[in-house]
Amino acid sequence: MSQQKSTHQKLTELATNYWWSWQPEVTSLFRAIDPERWSQLNHNPVMLLAEYPPEKLEERLTTQVLHSSIHWAYRRWQEYMESRETWGMTNAAILGQRPAAYFSAEFGLHESLPIYSGGLGVLAGDHLKSASDLGIPLVAVGLFYHEGYFSQQIDIEGWQRETYTEVSDKRIPMEPALGPDGKQCVIHVDTRSGKIYARVWKVNVGRIILHLLDTNIPENKDEDRHLTARLYGGDHRTRIRQEIMLGIGGVRALTALGYQPSVIHMNEGHSAFAPLEMIKMRMKEDGIPFDEALRETASMGVFTTHTPVPAGHDRFDAGLIDEHVGPLADELGLNRDAMMGLGRVDPQNHGESFCMTVLAFRLSRRANAVSSLHGVVSRRMWTGLWPWRSEEEMPIGHITNGVHVPTWLAQQMRVLYDRVLPQHWYLRTGEPDVWAGIEQITSGELWETHTSLKNRLLIYARGKLAQQARRRGESEQRAHDLSNALDPRVLTIGFARRFAPYKRADLVLRDLDMILKLINDVDRPVQFIFAGKAHPADQPGKQLIQRVYRVSQQPEFKNRVVVLEDYDINLARHLVQGVDVWLNNPRRPLEASGTSGQKVVLNGGLNCSILDGWWAEAYDGLNGFAIGNGRTHVNTDVQDERDMKSLYEVLKNEVIPIYYRHDADGLPQEWIQRMRRAIRTLGWRFNADRMVMDYVRNTYIPAAGGLSCHFSVQP
Ligand SMILES: *Cc1c(COP(=O)(O)O)cnc(C)c1O
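Colleague: Go over the overall build of the protein, please, and point to the residues and values.
Modeller: Helix and strand counts for the protein come out as 28 helices and 20 strands. For 715 residues, the compact-globule estimate of 2.2 N^0.38 gives 27 Å, and the protein sits close to it at 25 Å. For the protein, the spread of C-alpha atoms along the principal axes amounts to about 80 × 70 × 55 Å. At a minimum sequence separation of 6, the contacts of the protein that also span at least 24 residues come to 73%.

Colleague: Explain unusual backbone geometry to me, and be specific about the residues and the numbers.
Modeller: The phi torsion of most residues other than glycine is negative, and most of the peptide bonds are trans. Cis geometry marks the peptide bond from Arg588 to Pro589; its omega dihedral reads 0°. Among the structural elements, Pro589 can be located in the loop between strand S18 (581-584) and helix H24 (596-602). Positive phi is not limited to glycine here, since Asn42 has a value of about 60°. Note on placement: Asn42 falls in the loop between helix H3 (35-40) and helix H4 (45-50). Phi angles above zero are rare outside glycine, and Asn559 is one such case at about 70°. Here Asn559 shows up in the loop between helix H22 (539-553) and strand S17 (561-564). We classify Asn559 as buried; its relative accessible area is 19%.

Colleague: Quick one: what's the story with the pairing of strand S7 (residues 194-205), residue by residue and with numbers?
Modeller: Judged from the two bridges that link them, strand S5 (residues 175-176) and S7 form a sheet pairing that is antiparallel. When the sheet's bridge partners are listed, Glu175 is paired in S7 with Lys202. Pairing geometry for strand S6 (residues 186-191) and S7, over six bridges, is antiparallel. What sits directly across from Thr191, in S7, is Gly194. Here S6 folds back onto S7 in antiparallel fashion, the turn holding two residues.

Colleague: Break down the pairing of strand S13 (residues 366-369) for me, citing the residues and quoting the values.
Modeller: Neither face of S13 is left uncovered, since the one carrying Arg366 and Asn368 and the one carrying Ala367 and Ala369 both have all their residues buried. As judged from the three bridges shared by S13 and strand S14 (residues 396-398), these two strands associate in the parallel manner. Bridge pairing in S14 links Ala367 to Ile396.

Colleague: Now, about the domain arrangement of the protein: what can you tell me, with residues and values included?
Modeller: Under the domain assignment, the protein is made up of domain 1 (7-82), domain 2 (87-401 + 693-704) and domain 3 (408-686). Taken over C-alpha atoms, the centre of domain 2 sits 33 Å from the centre of domain 3. Across the contact, 35 residues belong to domain 2 and 40 residues belong to domain 3. For the pair domain 2 and domain 3, the summed buried surface comes to about 3,100 Å²; carbon and sulfur atoms form 58% of the total. When the buried area of domain 2 at its contact with domain 3 is split by residue, Gln152, Ile154 and Trp159 rank highest and sum to 21% of it. At the surface where domain 2 touches domain 3, the tally comes to three salt bridges. Between Lys542 and Glu162 there is a salt bridge, with the nearest N and O atoms lying 2.8 Å from each other.

Colleague: Describe the nonpolar core, with residues and values.
Modeller: Ranked by size, the top nonpolar core spans 134 residues in total, and within it Phe30, Ile33, Phe273, Leu276 and Tyr700 carry the most contacts. With nine residues, helix H28 (residues 688-703) is the largest single contributor of residues to this core. Both domains that furnish three or more residues to this core are identified here as domain 1 (7-82) and domain 2 (87-401 + 693-704). With residues up to four places along the chain from it excluded, the contact list for Tyr700 reads Leu95, Ala100, Tyr102, His127, Leu138, Val263, His265, Val302 and Tyr695. Of all hydrophobic cores here, the second largest spans 101 residues; its members include Tyr116, Met413, Ala572 and Trp671.

Colleague: Go over the site of the ligand with me, naming the residues and quoting the values.
Modeller: Neighbouring residues of the ligand: 14 residues in total, closest Trp408, Lys503, Thr595, Ser596 and Lys599. Between the ligand and the protein, one listed contact pairs an oxygen atom with a backbone N or O atom of Thr595 at 3.2 Å. A distance of 2.5 Å is found between an oxygen atom of the ligand and a side-chain nitrogen or oxygen belonging to Ser596. Isolated, the ligand exposes 390 Å² of accessible area, and the fraction of that covered by the protein chains is 94%. Of all the elements in the fold, those that place two or more residues in the shell around the ligand are helix H8 (119-134), helix H23 (569-578) and H24. In terms of residue class, the shell around the ligand is made up of five nonpolar, five polar and four charged. Residues from two domains meet in the shell around the ligand; each of domain 2 (87-401 + 693-704) and domain 3 (408-686) gives at least three.

Colleague: I'd like to hear about the sheet that holds S18, residue by residue, with values.
Modeller: With parallel pairing, six strands are arranged side by side in an open sheet as S17-S16-S15-S18-S19-S20. Only two strands of the sheet have a single partner each, and these edge strands are S17 and strand S20 (625-627). Strand-to-strand twist in this sheet, taken as the mean axis angle between neighbours without regard to direction, amounts to 20°. In the sheet, strand S19 (residues 606-610) pairs with S20 via three bridges, with the strands oriented parallel. Looking at the pairing, Ile610 lines up with Ile627 of S20. Strand contacts of helix H19 (residues 443-471): strand S15 (491-496), strand S16 (526-531) and S17, with the helix running at about 75° to S17, the strand carrying the most contacts.

Colleague: Can you lay out helix H11 (residues 274-286) for me, pointing to particular residues and giving the numbers?
Modeller: Taking 1.5 Å per residue, 13 residues should reach 18 Å; H11 reaches 18 Å between its end C-alpha atoms and fits that length. Here H11 has its buried residues at Ala274, Pro275, Leu276, Glu277, Met278, Ile279, Lys280 and Met283. Residues of H11 that are buried sit in contact with strand S1 (100-103), helix H10 (236-256), strand S9 (263-267), helix H12 (290-298), helix H13 (318-332) and helix H14 (336-341). Count one or two residues on from H11 and you reach Gly287, which has phi positive near 60°.

Colleague: Can you break down the side chain of Glu474 residue by residue, with the values?
Modeller: When you line up the elements, Glu474 lands in the loop between H19 and helix H20 (476-482). The exposure class of Glu474 is buried, given its relative accessible area of 16%.

Colleague: Can you tell me about helix H6 (residues 67-82), naming the residues and giving the values?
Modeller: End to end, H6 covers 23 Å across 16 residues, agreeing with the expected 22 Å (1.5 Å per residue, within 8%). Residues of H6 that are buried make contact with helix H1 (7-15), helix H2 (24-33), helix H5 (54-63) and H8.

Colleague: I'd love a proper account of the packing of H1 against H5, names of residues and values included.
Modeller: With their axes 10 Å apart at the nearest point, H1 and H5 run at an angle of 90° to one another. If you check the angle between H1 and H5, you find them roughly perpendicular. For the pair formed by H1 and H5, the contact residues are Thr7, His8 and Leu11 on the first element and Pro54, Leu57, Glu58 and Leu61 on the second. Considered class by class, the residues forming the contact of H1 with H5 number four nonpolar, two polar and one charged.

Colleague: Account for the environment of Ile240, naming residues and giving values.
Modeller: Along the chain, Ile240 turns up in helix H10. Taking C-alpha positions, Ile240 is 41 Å from Ser83, a pair spaced 157 residues apart along the chain. Discounting chain neighbours no more than four positions away, the residues touching Ile240 are Phe273, Phe316, Leu320, Ile321 and His324.

Conventions we followed
- Residues numbered from 1 in each chain as written.
- Predicted model: local features only at pLDDT ≥ 70, side-chain atom pairs only at ≥ 80, totals over all residues.
- Heavy atoms only, no water.
- Helix = DSSP H or I, 4+ residues; strand = E, 2+ residues; numbered from the N terminus.
- Rg over C-alpha atoms; globule rule 2.2 N^0.38 Å.
- Contact = heavy atoms within 4.5 Å.
- Buried < 20%, exposed > 50% of the residue type's maximum accessible area, 1.4 Å probe, protein only.
- Pairing = 2+ DSSP bridges.
- Domains from an automatic or database assignment.
- Buried area = accessible area lost by both parts, 1.4 Å probe.
- Salt bridge = Lys/Arg side-chain N within 4 Å of Asp/Glu carboxyl O.
- Core = buried A, V, L, I, M, F, W, Y, C linked by side-chain atoms within 4.5 Å.
- Near = heavy atom within 4 Å.
- Polar contact = N/O pair within 3.5 Å; in protein donor to acceptor, adjacent residues only side chain to side chain.
- Areas by Shrake-Rupley, 256 points an atom, 1.4 Å probe, with all protein chains shown as cover.
- Nonpolar A, V, L, I, M, F, W, Y, C, P; charged D, E, K, R; others polar.
- Axes fitted to C-alpha atoms, helices over the stretch in contact; angles between N-to-C directions.
- Expected span 1.5 Å × (residues − 1).
- Parallel < 35°, antiparallel > 145°, perpendicular 65-115°, else oblique.

This is the structure in structure tokens:
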């Protein structure tokens, strides 16, 4: 049957399922068709193929000898989609009839679909990919932002400029989700000021379908057509309207498409209205009162909290709640005060606004933080919700975040893994034994592979720097000069993440004399690559970018401290695959987990991090480097000062000497030993397969009413 399909048809089908994005061979196929356009089009195969009518494509495929690779890729994809021998088939059969529904305001699947801003979205994307690989029955719901999140440029003053470009729904791999009538599914949500409509799209992520709601349709008033234009754009009113669409609209879309989920997983509180809509359905269908429907719905609820700072949680005032949730509250038989009570730590406290996190906790029996330390912090933070319980008895556990190995592992590293790990290791990444073989990789081959990936990063970075300089109107001489920036022999430290003040991007630059000495050391120099966006409304975050940028422009730092614009999944992939050291210095304990350092581990880079988030439970003394000893101070100035000193100490006393201590063959043996140890001790724990298996065993199966493994709170 598949043999009858033309190569063009097969390629088109492959292009419409993001499975290709975590198959390096299939990715290379698309690139081989037209390398230049491929990178200009942001690695979007649908757009690439749109430029190639069948004859022209045929010609390219023939000259590049791609036919047999396409047939092979297509066959592998079919096998993947049809395979019944998955972990999920054995371990999550209970979800077979009624899947888990996963809600998130953002999904970071790939650079070609810019509906993510950072860690939360990339985590959700990795969750879907692992759920697909493991064969977990799961459907996902999000919003389609047709202007996405912004692209970042940094101007000559170092100030961040945001631009939004419209992503046409025809140019990304989405298709209409069809209702029973064969037409694109359209749902609506009621507010006191009118209905808001949304159509539903489908994005294929391997075996998982991600449904995206999109309000940009003629049924809506102008204001509402733009409602889902931008991720995290707009004010409180935009925010709550997006959130009723995600939660209430999301449940309605799933229902209209014939799904009857047995688990509601809320990735952060944005989607916490979803269970309310489910409660309403229960009351109608079963004729039961609100309290009983709430109890039953909450038993299906799984809530993952990500934010360890009170200010990071969405809060709405009574007016906004009544306007947007009033009609639903009426159907639930709740008056305004009872409705507000659901979102208050103390329901009787009329001074309290409505908090989405509180609602999510109330409507889900299972809640988790995203690292062990974050679990402690979250339990402490929310004691007010369960005042009669001690801190240890609080119903908040933790499942530490992990990353999707095939997405983040460089192809050259995978070749090494294939040689020393058991066959089909990538189907069993959650098992420690599988990773034991890492010790067999010889120092020479590991170092050579790392060096080649580092070179790839530096070449990419230079190209980007020269481009940035030309755009800013710097002299041609300067742009040319930049193409020699970053020396491959120099210890290269990467720092890339959201520029939020608590992440302290400038910490390492606070003592410029000190850092200048390190950078210009004749025998053992270091260089830094920075990247990251600040939220458009975050002025202190933008000032941080400016500070780092200005240092990078000073003559004595040029070519040794560089800032790359527009951090996205593509830039992240280059960075995590090529740096020697990944620096992370948040103000403990504000980093709930962090995941970028986990991507670095897989590729042989070493973490140098504050003992916060995942690193607090990962560091064993030899699998990377720790900044400080985990102590905190109530005064942030004191803590910053202390952490800065610890950072310089670990760089001077450990990182730099170990990196430059070579044996007779020119290999830094002790460093390479740490690389191997990092992969072996961390790879199996901090990957998304292990994470999704934990969610399934500890939350989805009990929530779906299966044999309940006790979800213990691990202190
Ligand atoms: C992995 C990733 C993140 C998350 O990194 P943190 O370590 O959690 O800060 C953010 N943005 C992109 C593009 C990523 O790939």
